[in-house]
Each structure stands twice: as structure tokens, then as C-alpha cells.
Amino acid sequence: MSIQNVLENMWRDYLLLNPEAQRVVDTLLAEGERIVNDHIALRTFNVGVVALEECAKPFLALGYEEKDEYFFEAKKLRAKHYEYTADPNTPKIFISELLVNEFSIDFQAVVNSLVSYISDDQVQQTDFFHSGRPWNVSLSQHETLLGESDYGAWMAAIGYRPNHFTVSINNLKKYSDIHTLNDFLKSKGFKLNSSGGEVKGAPHVFLEQSSTVANKVGVEFTDGKKEIPSCYFEFAKRYPLDSGELYQGFIAKSADKIFESTNTYRASQ
Ligand code: NI
């Protein structure tokens with residue numbers, strides 16, 4: 001499968017969870033803008049066959065190259081980003097993994113039982129990150145994870161689906177300033193995540209980001225249904241380094257805040 005097919009399939013799957021992203025895209029297209037995707041964020045656990053480096057292999061096989069590594073201490077996450085350097089307009093892939101061993105024994109037991117449903121062969125398929133939830137999970141298992149990590153609870157409920165796509169603000173014309181873009185989106189009725197301020201990052205750290213608030217979806221558990229926050233849409237503006245090249249990395253501090261876009265309590269406020 002070509003990179004474009006894989007990315008398109010992930011986009012389609014993401015829209016099923018977050019149809020608002022298409023409305024944002026259509027709203028910007030109607031303004032004469034062209035949409036370039038900056039990065040796609042994917043999530044996993046640091047356990048066995050689904051650990052970050054395992055999940056990255058199909059992307060490396062497609063021609064992506066490993067770049068920087070990040071640690072998000074508060075959220076107990078580690079991440080890496082991957083670039084397709086042959087075409088800078090191909091979105092970067094950002095994969096984070098929850099450091100499960102830093103949580104309670106009960107938490108680890110739930111995650112291990114979920115991961116036991118997955119074979120290495122599944123993870124190595126190019127469709128893995130739009131294959132959905134490969135495990136059965138109960139409401140009480142979900143609650144166990146939610147008590148310690150929104151990210152873990154999100155993973156258990158949603159499974160392997162893109163967490164967010166990201167509009168490159170640098171490629172917009174009228175809305176190439178993040179504040180102008182945010183004001184425009186709000187004027188069109190879109191709600192932005194204001195945890196830690198609407199704009200995370202700053203020009204001096206070479207990256208500014210904002211995002212919509214994740215919408216809620218009804219998720220089936222083995223013993224009932226529950227509404228949970230699903231996915232958000234992100235906007236990223238990159239600034240040039242001293243070399244003149246646009247910074248392509250990520251900022252651990254602002255991403256800690258951006259992860260809160262899918263927090264259950266935050267989203268319900
Ligand atoms: Ni992101």
C-alpha cells in the first residue's frame with residue numbers, strides 16, 4: 001500500500017470519530033485555503049508487541065525516518081516523531097506510548113490483558129492504526145485506567161485509531177497567524193481547548209499549537225455503553241531555526257497540555 005493510501009485510510013477512520021474535522025477543513029477551503037497536514041498523532045502502550053518502536057516499523061518500511069524523542073513526565077509518556085523527508089508536505093507521524101510500568105499493579109494488569117489480544121503480525125500491518133479496538137474491555141476495566149490516566153482510558157476505549165490530525169498553519173494564507181485562525185474558527189462556532197491558554201508554545205520555542213475540544217462518542221463496553229471524549233483537530237504553526245529551516249519537532253511542555261483535549265473531566269466542563 002502506498003503512503004498516500006495509508007494516510008487517506010487513517011483520515012477516513014479519524015473522521016468517523018471526529019466528523020467536525022471535515023467541517024473545519026470545508027470552512028477553510030471555502031476561504032480559499034489549501035490544507036496541508038502537519039502531523040498525525042498515534043497512541044500506544046509501552047508493552048510487548050505494541051511498544052512504540054514496534055508500531056513505528058510499518059512507517060519506517062514506507063520510507064519514514066525516525067527523528068526526535070520526547071518525554072512527558074506528568075503524563076508518563078514517551079514519544080518519537082517520524083518524517084517523510086522525500087516530501088515535506090507528507091505529514092509527520094508522532095507516536096507516543098504510555099509508560100505502563102509507572103502505574104499501579106491493577107492498572108498494569110488491565111493493560112496487559114488488553115494487549116494479550118494482539119499479535120505481532122497485526123501490529124506490523126499498514127492498516128493497524130485504523131484497525132479500531134482489538135480487545136474486549138469492560139466498564140470497570142475502563143474505570144480502573146481512568147482513575148490514573150485519561151490517556152490509558154482513551155486507549156482502552158478507542159484502540160488503534162488516529163488521535164488527531166493537524167492543519168499546518170504555515171500553509172494557510174489569510175489565516176497564517178494562529179490568533180487570527182483561532183478567532184476565525186470560534187466565529188464559525190468551533191470550540192477550542194483553552195486548558196493552559198488557547199495557544200500552546202510560542203515563537204521562541206519555534207512552535208505554536210491550538211486544538212479543538214474532543215467531541216464525545218458512545219463507546220460499547222462488554223457490560224454497557226458510555227460516552228467518552230474521542231478525538232480533536234489540531235493547528236500548528238512552525239517557526240524557522242537560526243539555520244532558516246522550519247523547526248519540525250515537538251515541545252514536551254505544550255503537548256502535556258494538548259493531551260488534555262481528550263481528558264474526560266476537562267471535556268465535560
Ligand atoms: Ni499534535
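Scroll up to find the structure this text is about.
Reading the values: the criteria
Residues numbered from 1 in each chain as written. Predicted model: local features only at pLDDT ≥ 70, side-chain atom pairs only at ≥ 80, totals over all residues. Heavy atoms only, no water. Donors = N, O, S within 2.8 Å, 3.2 Å for Na, K, Ca; no water. Helix = DSSP H or I, 4+ residues; strand = E, 2+ residues; numbered from the N terminus. Buried < 20%, exposed > 50% of the residue type's maximum accessible area, 1.4 Å probe, protein only. Pairing = 2+ DSSP bridges. Phe/Tyr/Trp six-rings, centres within 6.5 Å; stacked < 30°, edge-to-face > 60°. Lys NZ or Arg CZ within 6 Å of the ring centre and 35° of its normal.

**Here's the deal with the coordination of the nickel ion**
Around the nickel ion, the protein supplies His-39 (NE2), His-164 (NE2) and Glu-234 (OE) as donor atoms, at distances of 2.0 to 2.1 Å. All donor residues of the nickel ion come from one chain, and their arrangement in sequence is H-x124-H-x69-E. A residue pair is termed long-range when its members are at least 10 positions apart, and His-164 in strand 5 (residues 164–168) and Glu-234 in strand 10 (residues 232–238) qualify at 70 residues. The class of His-164 is buried, set by a relative accessible area of 5%. The class for Glu-234 is buried, based on a relative accessible area of 1%.

**Remarks on the pairing of strand 8 (residues 216–221)**
On strand 8, burial follows the alternation: Val-217, Val-219 and Phe-221 on one face are buried, whereas Lys-216, Gly-218 and Glu-220 on the facing-out side are not. Two elements, strand 8 and strand 9 (residues 224–229), share six bridges in a ladder whose sense is antiparallel. Pairing of Gly-218 across the sheet is with Glu-227, part of strand 9. In this structure, the hairpin formed by strand 8 and strand 9 is closed by a connection of two residues.

**Quick look at the packing of aromatic side chains**
What characterises a pair of aromatic rings is the spacing of the ring centres plus the angle enclosed by the ring planes. Counting across every chain of the model gives 21 aromatic pairs. Geometrically, the ring pair formed by Trp-11 and Tyr-14 is tilted, given 5.6 Å between the ring centres and 35° between the ring planes. Within this pair, Trp-11 and its partner Tyr-14 are both found in helix 1 (residues 3–17), separated by three residues, close to a single helical turn. Taking the centre distance of 5.5 Å and the plane angle of 75° together, the rings of Phe-128 and Phe-129 count as edge-to-face. Both residues of the pair, Phe-128 and Phe-129, count as buried. Site record: aromatic cluster; members linked through ring pairs are Phe-45, Phe-59, Tyr-64, Tyr-84, Phe-128, Phe-129, Trp-135 and Tyr-160. Over the ring of Phe-221 we find Arg-133, and its NZ or CZ is 5.8 Å from the ring centre.

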